Amino acid sequence: APGQEAAKQPGSFPFRNYQITLDRETLSLGPLYLEGLFDHLIAHYVFCPRSLDEAALLARSALQGLKNPHPERARALVNIFSDIVVDSLRLERSDEDREKVLYGWRRLAEQPDLAELDRVVLGLLKNYWEADLPASHRPEVALLERIFSAGFRERNLWPRQCRQMARILEGFLPGVLGRG
């Protein structure tokens, strides 16, 4: 396919078409989790990154923040950044959305293969959202809090925020987060 060929060219990013696959375990999590998952995916489409152009801009910013630049690492960090942005937006909407958002993040916290990357991000979200999520006492949490202290609604701040977040989280890759 033409999109796949473009993704193989040097300097390009492997943005694949969205393909949603749910296994039986995920389906068994029930309607609250599934609603939250689809709300999350829709928020990516509507708000962040919203377009392939915006995703490419964020990927370039993430690459600039990496000491060891690699497109797959940049893609993973853009996924994490945009997850934080869209779920922050959803938390503002209503108590029902708050419960769905936190349900998904609490489910992540229960994963047996949780990495330090995931723990640092969960620690950030605990503080940033004032949520009942696991704490992390790593100094990187405070650095991430400073990045997001300006909020998440200003699109013009996203490239800088994404670049700075990539710089902080690079040493913790890989994790459960960022896999797509």
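See the structure shown above.
Please read all numbers here as calculations on a predicted model, not as lab measurements.

Participant: Explain the environment of methionine 165 to me, please; I cannot follow it from the model alone.
Facilitator: With respect to the secondary-structure elements, methionine 165 resides in helix α9 (residues 158-169). When its relative accessible area of 1% is taken as the criterion, methionine 165 is described as buried. The spatial distance from the C-alpha of methionine 165 to the C-alpha of leucine 143 is 8.6 Å, given a sequence separation of 22 residues. Not counting the four nearest positions on each side in its chain, methionine 165 is found in contact with Leu77, Ile80, Phe81, Ile84, Leu144, Ile147 and Phe148.

Participant: How should I be thinking about unusual backbone geometry in this particular structure?
Facilitator: A negative phi angle is the norm for most residues apart from glycine, just as the trans form is the norm for most peptide bonds. Omega for the bond connecting leucine 173 with proline 174 falls within 30 degrees of zero, at -5 degrees, which places this linkage in the cis form. Mapped onto the secondary structure, proline 174 falls in the segment after α9. Of note, arginine 50 is a non-glycine position whose phi angle comes to about 75 degrees, a positive value. The phi dihedral of glutamate 130 is positive, around 50 degrees, even though this residue is not glycine. Mapped onto the fold, glutamate 130 is located in the loop between α7 (116-129) and α8 (139-148).

Participant: It is not clear to me how the pattern of salt bridges should be interpreted in this structure. Could you clarify?
Facilitator: Oppositely charged side chains can form a pair if their charged atoms are brought close together. Tallied over the full model, the rule gives 13 salt bridges. Of the charged contacts in the structure, one is a salt bridge between glutamate 72 and arginine 75, with a shortest N-O distance of 3.1 Å. Of the two residues, glutamate 72 and arginine 75 are both situated in helix α5 (residues 71-93); the distance of three residues between them amounts to about one turn of the helix. Note that arginine 93 and aspartate 97 form a salt bridge whose closest N and O atoms lie 2.9 Å from each other. Judged by relative accessible area, arginine 93 falls into the exposed class, the value being 57%. Taken together, the salt bridges that share partners define one network made up of Glu35, Asp39, Arg93, Asp97 and Lys100.

Participant: How should I be thinking about the side chain of histidine 44 in this particular structure?
Facilitator: Looking at the secondary structure, you find histidine 44 in helix α3 (residues 31-46). Histidine 44 gets classed as buried once you look at its relative accessible area, which sits at 9%. Within polar-contact distance, the side chain of histidine 44 engages the side chain of histidine 40 at 3.0 Å. Of note is the side chain of histidine 44, whose polar atom sits 2.8 Å from the side chain of aspartate 83.

Participant: Whenever I open this one, the side chain of histidine 40 confuses me. Can you help?
Facilitator: Relative to the assigned elements, histidine 40 resides in helix α3. Given the relative accessible area of 13%, histidine 40 is considered buried. Beyond its immediate stretch of four places on either side in the chain, histidine 40 contacts Asp83, Val86, Asp87 and Arg90.

Participant: Where do I start with the packing of helix α4 (residues 52-65) against α5 in this structure?
Facilitator: Closest axis-to-axis distance for the α4/α5 pair is 8 Å, and the angle between their directions is 115 degrees. When the axes of α4 and α5 are compared, the pair comes out roughly perpendicular. Here α4 runs over α5; the crossing is right-handed. Facing α4, whose interface residues are Leu58, Ala59, Ala62 and Leu63, α5 presents Pro71, Ala74, Val78 and Phe81. Here the residues of the contact of α4 with α5 sort into eight nonpolar, no polar and no charged.

The rules behind the values
Residues numbered from 1 in each chain as written. Predicted model: local features only at pLDDT ≥ 70, side-chain atom pairs only at ≥ 80, totals over all residues. Heavy atoms only, no water. Helix = DSSP H or I, 4+ residues; strand = E, 2+ residues; numbered from the N terminus. Buried < 20%, exposed > 50% of the residue type's maximum accessible area, 1.4 Å probe, protein only. Contact = heavy atoms within 4.5 Å. Salt bridge = Lys/Arg side-chain N within 4 Å of Asp/Glu carboxyl O. Polar contact = N/O pair within 3.5 Å; in protein donor to acceptor, adjacent residues only side chain to side chain. Axes fitted to C-alpha atoms, helices over the stretch in contact; angles between N-to-C directions. Parallel < 35°, antiparallel > 145°, perpendicular 65-115°, else oblique. Left-handed = near helix turned anticlockwise from the far one by under 90°. Nonpolar A, V, L, I, M, F, W, Y, C, P; charged D, E, K, R; others polar.

Any functional reading would require information that these geometric values do not contain.
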